[in-house]
Amino acid sequence: MSGDLRSDRQPGRFRRMLDRLTSSSEELQAEELRQDAQEAGCTPISRCDDRELVTVTGTLRTVTLRPRAGVPALEAELFDGSDALDVVWLGRRSIAGIEPGRRLIASGRISHAHGRRVLFNPRYELRPVGHGSE
């Protein structure tokens, strides 16, 4: 019976510490990103539906220059701990501050292309460089 009561409670301090020690750095970073998104009031990427206006936040994993229909396009993969989406700026070869590892908040209308979520030409806000969003 005591086992039933224990399953309803939050894990203790020792259990949380043990979980952090046994988690990979990628899992810890994903959890931190999910918490940042929640604190910023942003929609988790995993919950974004097609044609929905959203505000998302996360870390840029990759940034590449990839032409689309002969027009330059700067593409970046944004990861928030729950899922990833592609952010595409059409007609741009580069944008100051848009680089791998940078955190940002992006707003726009989600679309789907080739089975992935995409934000075209979003409004965005660069987050300060460093640990967390401080």
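Whatever comes next refers back to the structure up there.
What comes next concerns the included structure. (Residues numbered from 1 in each chain as written. Predicted model: local features only at pLDDT ≥ 70, side-chain atom pairs only at ≥ 80, totals over all residues. Heavy atoms only, no water.)

Of all seven residues that make up strand β3 (residues 84–90), six are buried, and the element is covered over most of its length. By the bridge criterion, seven bridges tie strand β2 (residues 73–79) to β3 in an arrangement that is antiparallel. Along β3, the bridge assignment pairs E75 with V88. The antiparallel pairing of β2 with β3 creates a hairpin that spans four residues between the two strands, and G81 there sits at a positive phi of about 95 degrees. (Buried < 20%, exposed > 50% of the residue type's maximum accessible area, 1.4 Å probe, protein only. Helix = DSSP H or I, 4+ residues; strand = E, 2+ residues; numbered from the N terminus. Pairing = 2+ DSSP bridges.)

Bringing the packing of aromatic side chains into the picture now. Summed over all chains, the structure comprises one aromatic pair. Taking 5.4 Å as the distance between ring centres and 75 degrees as the angle between the ring planes, the aromatic pair formed by W89 and Y124 counts as edge-to-face. Here Y124 lies in strand β6 (residues 123–126) and W89 lies in strand β3, a separation of 35 residues in the sequence. Take W89: its relative accessible area is 4%, and that puts it in the buried class. (Phe/Tyr/Trp six-rings, centres within 6.5 Å; stacked < 30°, edge-to-face > 60°.)

To continue, consider the nonpolar core. One finds V56, L78, L85, W89 and I98 to be the most contacted residues of the largest nonpolar core, which totals 17 residues. Going through the elements one at a time, β1 (53–65), β2, β3 and β4 (103–113) are the ones with two or more residues in this core. (Core = buried A, V, L, I, M, F, W, Y, C linked by side-chain atoms within 4.5 Å.)

Turning our attention to the pattern of salt bridges. Taken as a whole and judged by the stated rule, the model has six salt bridges. Measuring nitrogen to oxygen at the nearest pair gives 3.7 Å for the salt bridge that ties R61 to E77. Taken together, the residues span a long stretch of sequence, with R61 in strand β1 and E77 in strand β2 at a distance of 16 residues. Take R61: its relative accessible area is 44%, and that puts it in the partly exposed class. The buried category is assigned to E77, whose relative accessible area is 16%. When the shortest N-O distance is used, the salt bridge between E75 and R66 registers 2.8 Å. Overall, the relative accessible area of 43% leaves R66 in the partly exposed class. In this structure, a network of salt bridges that share partners links the residues R61, E77, D86 and R116. (Salt bridge = Lys/Arg side-chain N within 4 Å of Asp/Glu carboxyl O.)

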